[in-house]
Amino acid sequence: MRFPASRKKFDGIASQRREFPDFSLAELIYPSNLEVLAHAHDQANFCIAIEGGCTEIYGRKIREYRPFTLNFLPPHQTHSLKSLSVGMRAFSIEIAPQWLERMREYSLNVENSVHCSGGILIQLLMRLYHEFKNLDEASPLAVEGLTLEMLAEVSRLQIINKESSPPYWLKQARDIIHEQFSIHLSLDPIAREVGVHPVHLARMFRKHYRCTVGEYVRRMRVENACRKMVTTQTPLIEIALASGFSDQSHFTRIFKRLKGLTPAEYRAEFNAR
């Protein structure tokens, strides 16, 4: 299936949509092998892959969407998409232009796209998705607050990206964490492996990745658990142990702190669609 560049909508098929005065939220279904040719959106938007994925061409970059990969795209920036053979289910929010103007009034930078697969933006957008699925009288205020937090985080990431890139040894340290997040990790062996002092590793990690090593590991464990919960029927206790949690109560406590609901509630919410 192929959509031409002249097509008015590039959102996939909206299985559910919620409209607010300045925001439009939608859960979107992209059929398998769908090609959407080069196009631009009139409004800035955040989009996160929930299931499946796609390949995006943005400028000279080829970016991959997999479950819990997020993208912020400012208005009038051209990209194209092709969904995977399994298609993609995604959640997006479009933002009215006046909110970007308000950001600029405070000298915040929201002019560039952000593409990421972890961190604060993912947590905020998943909290927004929870609001989307559980609307009440407080939801308009919650949607506005969470969206503003996400725009502020986009600006912070622009500043970080303009600073010097992380040193090679710090990237090595992060790679070690990615490979071993499900086992017990401590700073000393990681620091020894990359040839720096543990205190220097901790300081530089927080500077470049905006969280401690421990916080980063917990986020990775939770995101790994999220992927398994929505793509498999594996029991929660097995997911907890495989993701590096000591037991299910530890898993539930950390998960609820980061996601705002328990693992059982999270799985039930995704299965209820």
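1. Some details on the overall build of the protein chain
The helix and strand inventory of the protein chain stands at 10 helices and 9 strands. Scaling as 2.2 N^0.38, a compact globule of 273 residues should have a C-alpha radius of gyration of about 19 Å, and the protein chain matches this with 19 Å. With respect to the principal axes defined by its C-alpha atoms, the protein chain has extents near 55 × 45 × 40 Å. Considering only residue pairs separated by 6 or more positions, the protein chain has 72% of its internal contacts joining residues 24 or more positions apart. Split by element, the accessible area of the protein chain, about 13600 Å² in all, is 52% carbon and sulfur. Considering the protein chain, the positive charge centre built from 36 side chains and the negative charge centre built from 30 side chains are found 4 Å apart.

2. Comments concerning the environment of lysine 228
Mapped onto the fold, lysine 228 is located in helix α7 (residues 213–231). Residues lysine 228 and leucine 121, spaced 107 residues apart in sequence, show a C-alpha to C-alpha distance of 20 Å. For lysine 228, the residues in contact, after removing those within four places along its chain, are Ile239, Ala242 and Arg267.

3. Comments concerning the nonpolar core
Of all hydrophobic cores here, the largest spans 48 residues; its most connected members are Phe46 and Ile93. It is helix α2 (residues 120–133) that contributes the most residues to this core, 8 residues altogether. In this view, phenylalanine 46 contacts Leu70, Asn71, Phe72, Phe91, Ser92, Ile93, Ile95, Leu121, Leu125, Met150, Leu151 and Val154; residues no more than four positions away in its chain are not counted.

4. Focus: the packing of aromatic side chains
Scanning the entire structure with this criterion turns up 11 aromatic pairs. Ring pairs connect the aromatic residues Phe245, Phe251, Phe255 and Tyr266, which therefore count as one cluster. Residue placement shows arginine 18 over the ring face of phenylalanine 132; its charged tip is 6.0 Å from the ring centre.

5. Structural notes on the packing of α7 against helix α9 (residues 248–259)
α9 packs onto α7 with a crossing angle of 95° between their chain directions and a minimal axis gap of 10 Å. Between α7 and α9, the interaxial angle falls into the category roughly perpendicular. Of α9, the residues touching α7 (which contributes Arg218, Arg219, Val222, Glu223, Ala225, Cys226 and Met229) are Phe251, Ile254, Phe255, Arg257, Leu258 and Lys259. Classifying every residue of the contact of α7 with α9 gives 8 nonpolar, no polar and 5 charged.

6. Some details on the pairing of strand β7 (residues 70–73)
The alternating pattern of β7 places Leu70 and Phe72 and Asn71 and Leu73 on opposite faces, both of which are buried. Relative to strand β9 (residues 114–116), β7 runs antiparallel, the two sharing 3 bridges. Bridge pairing in β9 links leucine 70 to cysteine 116.

7. Overview of the pattern of salt bridges
For the coordinates displayed, the defined rule picks out 8 salt bridges. With a shortest N-O distance of 3.0 Å, lysine 133 and glutamate 27 are connected by a salt bridge. Residue lysine 133 is found in helix α2, and its partner glutamate 27 is found in strand β3 (residues 23–30); the two are separated by 106 residues along the sequence. Note on lysine 133: relative accessible area 23%, which makes it partly exposed. In this structure, arginine 104 and glutamate 111 form a salt bridge, with 2.6 Å as the shortest nitrogen-oxygen distance. Judged by its relative accessible area of 29%, arginine 104 is partly exposed. By relative accessible area, which is 35% here, glutamate 111 ends up partly exposed. Through salt bridges with shared partners, a single ionic network connects Glu27, Glu51, Arg89 and Lys133.

Reading the values: rules and limits
- Think of each chain on its own: its residues are numbered from 1, step by step along the sequence as written.
- In view of the model being predicted, local features appear only for residues whose pLDDT reaches at least 70, and side-chain atom pairs are presented and counted only at 80 or more, with totals across whole chains, interfaces and linings using the full set of residues.
- As a rule here, side-chain values come from all non-hydrogen atoms in the structure, and water together with hydrogens is ignored.
- By definition, any uninterrupted DSSP run of H or I lasting at least four residues is a helix, any uninterrupted run of E lasting at least two residues is a strand, and each is numbered from the N terminus.
- C-alpha atoms define the radius of gyration in this analysis, and the globule rule sets the expected value at 2.2 Å times the number of residues to the power 0.38.
- A contact between two residues is defined here by any heavy atoms of the two lying within 4.5 Å.
- For the accessible areas, the method is Shrake-Rupley and the probe is 1.4 Å, while residue cover comes only from the protein chains on display.
- Residues scored as positive are Lys and Arg, those scored as negative are Asp and Glu, and His as well as the terminal groups of each chain are ignored.
- For this purpose, a charge sits on NZ of Lys, CZ of Arg, CG of Asp or CD of Glu.
- Nonpolar cores were defined as sets of buried Ala, Val, Leu, Ile, Met, Phe, Trp, Tyr and Cys residues, with membership established by side-chain atoms within 4.5 Å.
- The rule is simple: take the accessible area with a 1.4 Å probe, protein chains only, and divide by the maximum for that residue type; under 20% is buried, over 50% is exposed, in between is partly exposed.
- What counts as a ring pair is set by centres within 6.5 Å for rings of Phe, Tyr and Trp (its six-membered ring), and what kind of pair is set by the plane angle: stacked under 30 degrees, edge-to-face over 60, tilted for all other angles.
- Whether a charge sits over a ring depends on NZ of Lys or CZ of Arg being within 6 Å of the ring centre and within 35 degrees of the ring normal.
- Axis lines are fitted through C-alpha atoms, for helices just across the contact stretch, and the angle between N-to-C directions can take any value from 0 to 180 degrees.
- We call two directions roughly parallel when the angle between them is under 35 degrees, roughly antiparallel when it is over 145, roughly perpendicular when it lies between 65 and 115, and oblique otherwise.
- Residue polarity is assigned by list, with Asp, Glu, Lys and Arg as charged and Ala, Val, Leu, Ile, Met, Phe, Trp, Tyr, Cys and Pro as nonpolar; anything else, Gly included, falls into the polar class.
- Two strands form a pair only when DSSP identifies at least two bridges running between them.
- Salt bridges are defined by distance alone: a side-chain nitrogen of Lys or Arg within 4 Å of a carboxyl oxygen of Asp or Glu.

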